[in-house]
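# Structure assessment
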Amino acid sequence: MLKYQPKPLNPTTTITTVPGDKSISHRSIILASLTKQDIKIEKCLMSTDCLNTINIFQQLGVSINYQKQTGCVDINGVGLHGLKAPKTQLNVGNSGTAIRLISGILAGQSFNSTLTGDASIQTRPMKRIILPLTQMGAKITGNDLHNEKCPPLHITGTALQGITYELPIASAQVKSCILLAGLFANGKTTVIETKATRDHTEIMLKGMGVDIKQIPLKSQGRSITVIPPKTLSYRNHQTLTIPADFSSAAFLIVLALITKIDLTLHNINLNPTRSSLLNVLEGFGIPVKETSDITEFFDGILIKRSASTLGEPAGDIRINITNTLLKNGTVPTELIPLIIDEIPILAIYGLFALGTLTVAEAEELRVKESDRIATIVAMISKLGGTITETSAGFYLQGNPDHTVSDHVCIDPKFDHRIAMAAIIASVASQTPIQLLDSECIETSFPNFMDIIQQLYRT
Ligand code: S3P
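I will try to describe carefully the structure that is included in this document.

What counts, and where the lines are drawn
- Residues numbered from 1 in each chain as written.
- Predicted model: local features only at pLDDT ≥ 70, side-chain atom pairs only at ≥ 80, totals over all residues.
- Heavy atoms only, no water.
- Helix = DSSP H or I, 4+ residues; strand = E, 2+ residues; numbered from the N terminus.
- Rg over C-alpha atoms; globule rule 2.2 N^0.38 Å.
- Contact = heavy atoms within 4.5 Å.
- Areas by Shrake-Rupley, 256 points an atom, 1.4 Å probe, with all protein chains shown as cover.
- Lys, Arg positive; Asp, Glu negative; His and termini not counted.
- Charge placed at Lys NZ, Arg CZ, Asp CG, Glu CD.
- Buried < 20%, exposed > 50% of the residue type's maximum accessible area, 1.4 Å probe, protein only.
- Polar contact = N/O pair within 3.5 Å; in protein donor to acceptor, adjacent residues only side chain to side chain.
- 1 Å grid on protein atoms, 1.4 Å probe; cavity = no way out; pocket = protein on both sides within 12 Å on 5 of 7 lines; lining within 4 Å.
- Points joined across faces, edges and corners; volume = space filled by probe spheres on them.
- Pairing = 2+ DSSP bridges.
- Axes fitted to C-alpha atoms, helices over the stretch in contact; angles between N-to-C directions.
- Near = heavy atom within 4 Å.
- Expected span 1.5 Å × (residues − 1).
- Parallel < 35°, antiparallel > 145°, perpendicular 65-115°, else oblique.
- Left-handed = near helix turned anticlockwise from the far one by under 90°.
- Nonpolar A, V, L, I, M, F, W, Y, C, P; charged D, E, K, R; others polar.
- Disulfide = S-S within 2.5 Å.

### Here's the deal with the overall build of the protein
A count of helical and extended segments in the protein gives twelve helices and 25 strands. Taken against the 2.2 N^0.38 rule, which gives 23 Å for 458 residues, the C-alpha radius of gyration of the protein at 21 Å falls within 12% of a compact globule. Overall, the protein is about 60 × 50 × 45 Å in size when its C-alpha atoms are taken along their principal axes. Restricting to contacts in the protein with at least 6 residues of sequence separation, those with at least 24 account for 74%. Just so you have it, the protein exposes about 17100 Å², and 50% of that area is on carbon and sulfur atoms. Looking at charge distribution, the protein has the averaged site of its 40 positive side-chain charges lying 5 Å from that of its 39 negative ones.

Rendered as structure tokens:
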């Protein structure tokens, strides 16, 4: 149990950054392991999720050394067909990304393997990957649970055949699983997504010279086709520098909006499939502007683009609200897959904004690290907000003058994003809270508490 006592914030300019992007860190570890090169990853996220992925590839015979303090990871890749049978079960911990992406790779190997994880992972739905992988010829069994197949996943490695598959759920994890399995398949593999999802796998594979084609569809989705390469390699750069995680930055963006502190965040990933929270906020009336001078006076959010990193757009974000009133609205449903990880912190924004925040068609939240509709509703209710749960979202009545009662106790259900959202509510309202578990924050943002500390008045 953590008793969190917030301190007064520093209102003058604070400049900081957040750790490396979780999605890109996982993919970099996975794909670098499949090259025959010595790859250095810089600014890799050293959270428990990514450390588990490193551990798994070590068990699969890849030599990986890392420094937790610096986020430097050295990988001696074994080549596309060089992975070795693991001696034990492979443990992804809490990571849905790891289990789904790595399943795609293990399905096409010449050895058998078992992927498992923590209590949360063992309840997460895997039919969504088992179905397409089985169509490719894979042999995967899981536990039967509530009409689903859940980990542990027992994978019998086998030869795969390319398929064309339309995603029934907008999920970058499922898309990436199939595309990665496609690297080992006979013939081309096409994934059709009717709603756009994050596209880091496509960007990384392209950066490695893989023949991958993306065709925009009439809807805002696309079809992605991958031709299996003979080898995977980076041509120009053996050092992969990971941009900072927009989803982690989102917690600080919302804190700065509510408290009107002047905050600049450096080198954040601005891939449009990740930064759509800014579009949502703009739609709610927060001015957002691109600039070449991040220090200019502007009542709103400024974005200064810098050179792209690893094919991903990046830049600085300055939040400096002076007069703008925070208002709520309805989140456009086509943006839901693009802001799925930001909904817990958007709910905290909604608590301190005027009007009603409506989130609909977000049923995927039910099967994240926790049932995030239920955990958000419980958290907001405990924080004194008026929130109504729906089957695929919620609506919540906000109030710019909202006050939180001292020492309310939040149960994040071991979900990192709920725990961080609760801390932001505490800091924003300058009210002490209790948090049943704060260790889960290590999953994605190990220095979260230190960064909050940096924002306090000294
Ligand atoms: C991720 C995709 C998202 C996201 C998760 C990371 C990824 O999941 O929620 O935190 O790295 O591909 P879905 O694509 O399943 O929604």
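### Brief notes about helix α5 (residues 172-182)
For α5, the buried fraction is high: eleven of the eleven residues fall into the buried class. When α5 is considered as a whole, its buried residues turn out to be A172, Q173, V174, K175, S176, C177, I178, L179, L180, A181 and G182. If you check the start of α5, you find a side-chain oxygen 3.3 Å away from the backbone N of Q173, and it comes from S171.

### Considerations on empty space enclosed by the protein
Under the defined criterion, the tally for this structure stands at one cavity of 30 Å³ or more. Taken together, R128, Y165, L167, P168, I169 and V174 make up the lining of the largest cavity.

### Things to note about the sheet that holds strand β25 (residues 433-435)
Strand pairing in a sheet relies on backbone hydrogen bonds, with the paired strands running either antiparallel or parallel. On the basis of which strands lie adjacent, the open sheet formed by three strands has the order β1-β25-β24 and mixed pairing. The sheet is open, and its two borders are formed by β1 (2-4) and β24 (408-410), each paired with just one other strand. Averaged over neighbouring strand pairs, the angle between their axes works out to 25 degrees when direction is ignored. Where β1 and β25 come together, three bridges link them in antiparallel fashion. Note on β25: the bridge partner recorded for L2 is L435. Running at roughly 170 degrees to β25, helix α11 (residues 416-429) makes contact with β1, β24 and β25 of the sheet.

### Section: the site of the ligand
Taken together, K22, S23, R27, T97, S171, A172, Q173, R198, I340, D341 and K368 form the complete shell of residues around the ligand. With respect to the ligand, the backbone of Q173 contributes an N or O atom lying 3.1 Å from an oxygen atom. K368 places a side-chain nitrogen or oxygen 2.7 Å from an oxygen atom of the ligand. Across the complex, the protein chains shield 96% of the 390 Å² of accessible surface that the ligand would expose by itself.

### A few points about α11
One full turn of an α-helix is made of 3.6 residues, so residues set three or four places apart face in the same direction. Compared with an ideal rise of 1.5 Å per residue, which puts 14 residues at 20 Å, α11 spans 20 Å between its outermost C-alpha atoms and is within 8% of the ideal. For α11, the N-terminal cap is D415; the gap from its side-chain oxygen to the backbone nitrogen of R417 is 3.0 Å. Phi turns positive, to about 55 degrees, at Q430, one or two residues after α11.

### Some details on the packing of helix α1 (residues 22-33) against helix α6 (residues 200-207)
Two elements in contact, α1 and α6, have axes whose closest approach is 10 Å; the angle formed by their N-to-C orientations is 40 degrees. In this view, α1 runs oblique relative to α6, as classed from their interaxial angle. Crossing of α1 over α6 shows right-handed handedness. The segment α1 lies against α6, with S23, I24, R27, S28 and L31 engaging H200, T201, M204 and L205. Tallied by class, the residues present in the contact of α1 with α6 amount to four nonpolar, four polar and one charged.

### A closer look at the side chain of R198
By the secondary structure assignment, R198 is in the loop between β13 (189-193) and α6. Within the structure, the side chain of R198 is placed 2.8 Å from the side chain of S23, a separation counted as a polar contact.

### Re the side chain of S275
Looking at the element boundaries, S275 is found in the loop between β17 (263-269) and α8 (276-283). Those residues in contact with S275 that lie beyond four places of it in its chain are F246 and L270.

### Some thoughts on the packing of helix α4 (residues 127-135) against α5
Contact pair α4 / α5: the axes reach a minimum separation of 10 Å and the direction vectors enclose 30 degrees. In terms of axis orientation, α4 runs roughly parallel to α5. Both α4 and α5 take part in a crossing whose hand is right-handed. Two secondary-structure elements touch here, α4 through R128, I129, P132 and L133 and α5 through V174, C177, I178 and A181. When grouped by side-chain class, the residues that make up the contact of α4 with α5 number seven nonpolar, no polar and one charged.

### So, the state of the cysteines
For the structure on display, the rule yields zero disulfides. The thiol sulfur of C177 is not disulfide-bonded, and the nearest other cysteine sulfur, from C150, lies at 15 Å. Among the cysteines around C409, which has no disulfide bond, C440 carries the closest sulfur, lying 13 Å off.

### A closer look at the sheet that holds strand β9 (residues 148-156)
One open sheet accounts for four strands, arranged β6-β7-β9-β8; its pairing is mixed. Only two strands of the sheet have a single neighbouring strand rather than two, namely β6 (90-91) and β8 (139-145). The sheet strands contacting helix α3 (residues 96-107) are β6, β7 (112-116) and β9, and the helix crosses β9 at an angle near 35 degrees. Across the face of the sheet, α4 comes into contact with β8 and β9 while running at roughly 40 degrees to β9.

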